[in-house]
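# Structural features, examined
Here are the chains, one letter per residue:
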Amino acid sequence: MPLTPDLDAPTTVRPGSPELLRSVFRRHAAGVAVITAQGAYPVGFTATSLTSVAAEPPLVSFGVGTGSTSWPVIAEAAHIGVHILGEHQREVAATFARSGTDRFAPPTSWSEGPEGVPVLDGVLAWVVCRIVARVPAGDHRLVLAEAVAGDPKGAGRPLLYHQGTFNTLREN
């Protein structure tokens, strides 16, 4: 018997089930971002659902669970921060994915950015966005936001999420 699961082995999942969707999207490599917002306290979470929606106006979208501890702040926030993580930031991604911890305590390094939004240090790129819509989507909300400020000049290669783990790009 193999010690690790055979990811290519057929699995039985109920049609139309959450397990089906999760199984399919484990095969989808996604960039890793951290979304931040400021309310009475800073909040943030790791997101792999970030999408560039339009260039004119410059819109992005991401999903956030309504049961997450970040949702109450994001539900009321006017602005959010989007941070594209580099391959050197696996621990940052893990910290912002973890529940029940102060995600902004050391060793997380951050400062107040435009519109009072928490901006993480050392990321590949960041953008502060004005929220323009929160669309109900099952147990989540799809947030649409317009870019208003940012910095695309961080150094390094992107962090990816695939098969339930953080990964990096490989050279051919």
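Summarised in this report is the structure supplied together with it. (Residues numbered from 1 in each chain as written. Predicted model: local features only at pLDDT ≥ 70, side-chain atom pairs only at ≥ 80, totals over all residues. Heavy atoms only, no water.)

### Looking at the sheet that holds strand 12 (residues 165-168)
In spatial order, the strands read 1-11-12; together these 3 strands make up an open sheet with antiparallel pairing. Each edge of the open sheet is held by one strand with a lone partner, namely strand 1 (30-31) and strand 12. Pairing between strand 1 and strand 11 (residues 159-162): 2 bridges, direction antiparallel. When the sheet's bridge partners are listed, Gly31 is paired in strand 11 with Leu160. Sitting on the sheet, helix 3 (residues 90-97) touches strand 11 and strand 12, and the angle it makes with strand 12 is about 155°. (Pairing = 2+ DSSP bridges. Helix = DSSP H or I, 4+ residues; strand = E, 2+ residues; numbered from the N terminus. Contact = heavy atoms within 4.5 Å. Axes fitted to C-alpha atoms, helices over the stretch in contact; angles between N-to-C directions.)

### Details of the packing of aromatic side chains
Counting across every chain of the model gives 4 aromatic pairs. Both rings, one in Phe96 and one in Phe104, keep their centres 5.2 Å apart while their planes meet at 90°; by these two values the pair is edge-to-face. The buried category is assigned to Phe96, whose relative accessible area is 1%. Judged by relative accessible area, which is 8%, Phe104 ranks as buried. Among the aromatic residues, ring-to-ring pairing joins Phe96, Phe104 and Trp110 into one connected group. (Phe/Tyr/Trp six-rings, centres within 6.5 Å; stacked < 30°, edge-to-face > 60°. Buried < 20%, exposed > 50% of the residue type's maximum accessible area, 1.4 Å probe, protein only.)

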